[in-house]
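Each chain is listed here by its residues.
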Amino acid sequence: MISRRALLKRLAASCSLALTQAEISWSSGPELRNFAPIWDAHCHLHLVPGGTPEERITALIRFADRMEVERLIVSQGYSAQMHPTSGQLREENDRVLRVARLFPDRVFGSVYLSPAFPEFSLQEFDRCVRDGPMVGVGELEADKRCNVPEMDAIVERAVSLQAPILQHTWLKAGGNDPGESTPYDLVELARRHPQASFICAHTGGDWERGIRIIRSTKNICAGIAGFDPTSGVVEMAVRELGAERVIYGSDVGGRSFASQLAKVIGAEISEDAKRLVLGGNLRRLLTPILQAKGYRL
């Protein structure tokens, strides 16, 4: 007897696999190459085919090659629970460390932390970023909203190494989950830390509101990963924020590279703006920490 939860999980995995397999047979053509290098700010191993981190990242690299995506920023491992324990955080970070070390020329790791465990999070930052190969923080999800005081020490530690922070945000019609952040929460945090660099993951999902909410807070970029490739989202983000504050990501394996790239490639913006969104802006944010760590740009 299969439970409803198990059935849904199998269905989601099969849909994700079908999407990625469909990408293999599709030729990207010259259009994507015109915007190289493409860097994806928002990737997970969640729902990717394979039994180990190494098998999953090998599959992702194969799919990324078809889409001309040069670099992947991977976080969260297999995506732990929305309220992970400190042990789960470490386990997921260990998985990301494994894939970053396997493909150092293609994969950058980003550390998974939680304001519910502030001291542990600082230790984990030091292990994975200061003393390890990771170059960013997040995607940070639930546990506590990101405007809580416990986030301040985490942000300060990120600032010390100029590591950008990818913060999950959402604006749900029926109300967010307990501890789930909104763009309003991120604005509050970013204004407390003007030297930090933030990416507003999903731009709140309700992107028309999210873009307006973060508009006046210059150290927040709009992350356009992980919602339907609706016409107009990139155009509005570029118009309201400037092309320099819009960052492409896919949110694979929950989404496909192709559908998320379509948001940018099909947008009615200049080719120069597309190059910034698809890689230039993320490359700029990461350059200080990459240079400090000796990465080849």
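So, here is what we can say about the structure in this document. Since this is a predicted model, take the numbers as computed values, not measurements.

Conventions adopted
- Residues numbered from 1 in each chain as written.
- Predicted model: local features only at pLDDT ≥ 70, side-chain atom pairs only at ≥ 80, totals over all residues.
- Heavy atoms only, no water.
- Helix = DSSP H or I, 4+ residues; strand = E, 2+ residues; numbered from the N terminus.
- Core = buried A, V, L, I, M, F, W, Y, C linked by side-chain atoms within 4.5 Å.
- Buried < 20%, exposed > 50% of the residue type's maximum accessible area, 1.4 Å probe, protein only.
- Pairing = 2+ DSSP bridges.

P37 follows A36 through a cis peptide bond whose omega is 0 degrees. Looking at the element boundaries, P37 is found in the loop between α2 (29-33) and β1 (38-43). The phi dihedral of E68 is positive, around 65 degrees, even though this residue is not glycine. Structurally, E68 is set in the loop between α3 (53-66) and β2 (69-75). Even without glycine at this site, H202 takes up a positive phi of about 70 degrees.

Another aspect to go through is the nonpolar core. Core analysis: the biggest nonpolar cluster contains 88 residues, and L72 and F257 have the highest contact counts within it. Here this core takes eight residues from helix α11 (residues 271-293), the largest share from any one element.

Next up on the list: the sheet that holds strand β6 (residues 198-201). Strands sit in the order β1-β2-β3-β4-β5-β6-β7-β8 across an open sheet of eight strands; the sheet is parallel. Whereas interior strands pair on both sides, the edge strands pair on one side only; in this sheet they are β1 and β8 (246-247). Judged from the four bridges that link them, strand β5 (residues 165-168) and β6 form a sheet pairing that is parallel. Bridge pairing in β6 links H168 to A201.

Don't take any of this as a statement about function, it's just geometry.
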